[in-house]
2 protein chains.
Amino acid sequence: MRSRGLASSLRHASTAVSRAASPRTRPFSSNAPPPALREQAPGRNSAPSNPAIEFPCLDVLETRSATLQKQVFARSDESGPEPSYTVGATQIYHCREPLILDHGGRLQEFDIAYETWGQMNPDRSNVILLHTGLSASSHAHSTPDNPQPGWWEKFIGPGLALDTDKYFVICTNVIGGCYGSTGPSSIDPSDGKRYATRFPILTIQDMVRAQFRLLDHLGVSKLYASVGSSMGGMQSLAAGVEFPSRVGRIVSISACARSHPYSIAMRYVQRRAIVNDPNWNRGFYYGRVPPHVGMKLAREIATITYRSGPEWEQRFGRRRADPSQPPALCPDFLVETYLDHAGEKFCLTYDPNSLIYVSKAMDLFDLGAANQARTAARRAARLSGAALSSSSSSSDPICNLTLPDKPYEEQPESTLPSDPDAELLAPPPPSQLPQQQRQPQPQQPPADLVAGLAGLREHPVLVMGVASDILFPAWQQREVAEALRRAAAAAGVEPRVEHHELSEEQSLFGHDTFLLDVENVGGAVRRFLG
Amino acid sequence: MRSRGLASSLRHASTAVSRAASPRTRPFSSNAPPPALREQAPGRNSAPSNPAIEFPCLDVLETRSATLQKQVFARSDESGPEPSYTVGATQIYHCREPLILDHGGRLQEFDIAYETWGQMNPDRSNVILLHTGLSASSHAHSTPDNPQPGWWEKFIGPGLALDTDKYFVICTNVIGGCYGSTGPSSIDPSDGKRYATRFPILTIQDMVRAQFRLLDHLGVSKLYASVGSSMGGMQSLAAGVEFPSRVGRIVSISACARSHPYSIAMRYVQRRAIVNDPNWNRGFYYGRVPPHVGMKLAREIATITYRSGPEWEQRFGRRRADPSQPPALCPDFLVETYLDHAGEKFCLTYDPNSLIYVSKAMDLFDLGAANQARTAARRAARLSGAALSSSSSSSDPICNLTLPDKPYEEQPESTLPSDPDAELLAPPPPSQLPQQQRQPQPQQPPADLVAGLAGLREHPVLVMGVASDILFPAWQQREVAEALRRAAAAAGVEPRVEHHELSEEQSLFGHDTFLLDVENVGGAVRRFLG
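Position numbers for residues count from 1 along each chain, tracking the sequence in the order it is written. A letter from A marks each chain and a number from 1 marks each ligand, given out in the order of writing. Per-residue local features are limited, in this predicted model, to residues with pLDDT of at least 70; the limit for side-chain atom pairs, both in listing and counting, is 80 or more; totals at the level of whole chains, interfaces and linings are taken over all residues. The side-chain quantities take in all heavy atoms of the structure and omit both hydrogens and water.

Looking at an unreviewed UniProt entry, one finds chain A named Homoserine O-acetyltransferase-like protein and attributed to Thermothielavioides terrestris. UniProt positions are given in the numbering used here, feature names are shortened, and annotations may be inferred rather than shown by experiment. Word for word, the UniProt comment on chain A under Sequence similarities (unreviewed entry) is "Belongs to the AB hydrolase superfamily. MetX family."

Is there a simple way to think about the nonpolar core in this case?
One recurring pattern in soluble globular proteins is that nonpolar side chains are buried together. Buried residues of nine kinds, namely Ala, Val, Leu, Ile, Met, Phe, Trp, Tyr and Cys, make up a nonpolar core once their side-chain atoms join them within 4.5 Å. Partly exposed residues are those whose accessible area sits between 20% and 50% of the maximum for their type, while under 20% is buried and over 50% is exposed, using a 1.4 Å probe and protein chains only. Of all hydrophobic cores here, the largest spans 208 residues; its most connected members are A:L453 and B:L453. How far each domain reaches was decided by an automatic or database domain assignment. Three or more residues apiece are contributed to this core by two domains, here domain 1 (91-259 + 364-430 + 440-529) and domain 2 (264-359) of chain B. Contacts are assigned to residue pairs with any non-hydrogen atoms lying within 4.5 Å of each other. Apart from residues no more than four positions distant in its own chain, A:L453 is found in contact with A:V241, A:A257, A:L367, A:V480, A:A483, A:L484 and A:A487.

Where do I start with the sheet that holds strand β3 (residues 91-95) of chain B in this structure?
To summarise the sheet geometry, strands pair through backbone hydrogen bonds and adopt either a parallel or an antiparallel arrangement. All names here are of chain B. The rule for pairing is simple: two strands pair if DSSP sees at least two bridges between them. Put simply, DSSP marks the helices as runs of H or I at least four residues long and the strands as runs of E at least two long, and each gets a number from the N terminus on. With mixed pairing, eight strands are arranged side by side in an open sheet as β3-β6-β10-β7-β13-β14-β15-β16. Two strands lie at the open edges of the sheet, namely β3 and β16 (497-502), each paired on one side alone. Each strand of the sheet is rotated relative to its neighbour by a mean of 20 degrees, with strand direction disregarded. Where strand β7 (residues 127-131) lies against strand β13 (residues 223-229), four bridges are found, and the strand directions are parallel. Note on β13: the bridge partner recorded for H131 is G228. For helices, the axis comes from a line fit to the C-alpha atoms of the stretch in contact; other axes are also lines fit to C-alpha atoms, and the angle between any two N-to-C directions lies between 0 and 180 degrees. The strands touched by helix α17 (residues 474-491) are β15 (461-466) and β16; relative to β16, the strand with the most contacts, the crossing angle is about 165 degrees.

I tried to follow the packing of aromatic side chains on my own but got confused; where do I start?
Note on aromatic pairs: each is described by the distance of the centres and the angle between the planes. Paired rings are identified among Phe, Tyr and Trp, the last through its six-membered ring, by centres lying within 6.5 Å, and are further divided according to the angle between planes into stacked (under 30 degrees), edge-to-face (over 60) and tilted (the rest). Considering all chains together, one arrives at 26 aromatic pairs over all chains under this definition. In this structure an aromatic cluster arises from ring pairing among A:W151, A:W152 and A:F155. We call a charge positioned above a ring when the Lys NZ or Arg CZ atom is no farther than 6 Å from the ring centre and deviates by at most 35 degrees from the ring normal. Stacked on the ring of A:F528, the Lys or Arg A:R249 has its end atom at 5.3 Å from the ring centre. Note that B:R299 overlies the ring of B:F346, its terminal NZ or CZ placed 3.7 Å from the centroid.

Please clarify how the state of the cysteines should be interpreted in this entry.
Working definition: the covalent bond between the sulfur atoms of two cysteines is a disulfide. Cysteine sulfur pairs qualify as disulfides if the two atoms are within 2.5 Å. According to the stated counting rule, one finds two disulfides over all chains in the structure shown. At a sulfur-sulfur separation of 1.9 Å, the disulfide partner of A:C57 is A:C330. Every disulfide takes its handedness from the sign of the S-S torsion; for A:C57 and A:C330 that torsion is -75 degrees, giving left-handed. Residue A:C57 is located in helix α4 (residues 56-78), and its partner A:C330 is located in the loop between α9 (309-315) and α10 (334-346); the two are separated by 273 residues in the primary sequence. Given the relative accessible area of 10%, A:C57 is considered buried. Of all cysteine sulfurs in the structure, the one in B:C171 sits closest to B:C256, which takes part in no disulfide; the separation is 19 Å.

In structure tokens form, the structure reads like this:
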């Protein structure tokens, strides 16, 4: 039986058949009868042709489920508080006025977690609002209260991209997130229970409106600059579009003005990975074992989109983790172990429901005029009908109890629909367009987008893209830049957009370049901010 | 309560809180206590701020699980046969001789399901072996026994790409598959139980060796051509490399000579989606509810890789399935409903374990000389030690009981290691290469690959790629073509490779172009075959 001897020295289990039929308790239970009830145990003389393959990567998941289950019961006995997601100490702004959301939901009150670096000058004119990517916290840089390095540690500081000798930098956790700002894991004040999937659908603009409540609270009437990458680059543009008079300069890196189908698809399958996990329980998993298995897979999928093929070809190629072993169905190639590691690190540190809501907000992002007009009409209808606590009747209720220098100035809801340029430039719905006009034409942004960005035509805007980015491909940043140029041209003003595209020679790191490239990304930001 | 009235007209459930805590039996059970045990039911006066979001897409999955569960119990009562995956009537070749696999496993005996079109000529010199993609069956074209259109219906027939007036076309289901050939859902003759994950790890070369057993059976000593797309294009090249004297011409479309990290990553997360499904049960789900939820997600992920961004931009853009409804976390954008539909169609028609094994074989594919030499050494060691039933001692046992014209001629295992060219050209292991040499250089294929393809330097080879393909990007086909040219140049012979790359103007359909483009793909194949 040499072949069995050989095989048992491999990553195979010689006892795997009885193992598969064993009564061992699995966190992954199912209603189906165990195999032992349906198949005869193999007789002494009926060995299989090959041993069963082992799955140590699934053992890890099952062990984690069991450990978490024990912790759940321990907490339950002690009636102690739930552990919450955190990356350390932050400041918290609590807004007591409701936030009405773009798609009909509301937050009766909410928290914004934020951190700051540098000093605000006396006239509060040196404030930079830094927006985060999907899963980042407000901890962009270390602080006295939290000395851990932040996610943009090398980009913030004296003489750096965001120069704290000149600027007062604020970074917030987005609403919908889980690092201190109100999100699905927060308690709904209406009934004292966690929101879970009773949290309302969010948009990028909703996140920005919440941030501007914080600015009101801090007495900041106008930002020196709105800066962000990835989802933060969406917010950065959205801040300018929503509050054109309150934003000076705009930096949007590796972002877009409207999500495209491939990125929607990649985020959709991440959400499916979570909702497929039985522990997700339609979002009501707080106080129970969280859907860490689905969350891990979601992060593995996301990680594919964050780094590009070229970098992986160089970094991993076809190398296997242990070439002396036979191939395994658990992580085997280096690229698989890399994804596995990324998923492991993330699966218990970020709230799965936050991933669902925040990634959906990214999918919904569209600064086109038609979408803005529809949203404005929806908000106007809702606001006119809602009897809210604020005395203001036609605008979003504001949170001005904290003495800002100027009253809250949200962009009037009616601007876009009544703007004749917007009417003129708004295209018919895509389904009415002939086939060839629906094709992506990076050099010819749709008129709808030119109209939607018209409010930024006089703002200095820095748009950056990376050729190796597959999630926010470089044509999307070219589209933003060209739309801004055309908006300026249509109004007869000088375009003030600056566009940089990092070639594959400059960066192979794809979407994640903004986290890594201090020289090219940081340098351009520093020069642009002046 | 206008806001609730508005909300309840949306895709929201006003009863969703009690629903989430209801004792309704779910196929997705878990060991955690239901929420009702941990949270108080909301009191009469404590309505949540927003209604819970509904998940009709999960209702569908749960209903299917329940229906399948009933069928399982019904079958169990009747002790009837299991339903098997099928796409209709095929011919079956049963090989009684063992197949020794590249990574140490063995199939004691095996079936190959196949179909044929056209007439074999008297000297059996007009045979084309058509290889399939990952999940396709042998049903490439309708037959009298199965009039359903095949997956290459418009490419096979009189005057078409594979001209049945001239050629006898054979298509097989691969081993590892589930459409009639031996795979994980087959019975292991050693113990009468289904293989499940006791099925051995496969390679593309293993699949090809099994196909050549069929050719032996049919008395075909040499193919006129080996033709395939996607995984079939890998097999098509592998057939030439393994059996250079038995293959005349080679057509390899939208394939590669070695898988790259992005494609490995995308297949890896598909496998994870399956193994994360509790119903997968480490592969032992036969006779039970299959992991249809994970399988559906796997297919949704795969579908992202099969079509390109440009096509989706044109076909779906940012359109939503029902713009009159508020955003949903179930499929919402058209691209999401498209993926959902693709997953639904597939999730019960293909064996999840087959997807795992066959996709892994694609990941392992590497025609480089070093990998070929390692494999040959492993096979030689195993064959010399194994006491097999065949009288032949130093070559793979053959299945020549069925009177082929010529004896089985597998490429000698020792060719590559003892080939001085191969030794000379074989590079050091990638980990020993300096960084810049590990970078992909499409115009400069690695010497290892040039050496690995040296056996095809005198074969006419047609290599085709599609610029919009993200799974097998066009640089991979350029790499194959250039490696073949260099192999010819190194030997001082005229290169016989023909390379076509379809531009985005010619096809936006990405990887799936080979299934759709009769004119460009079919036309080139027809002209090449002559």
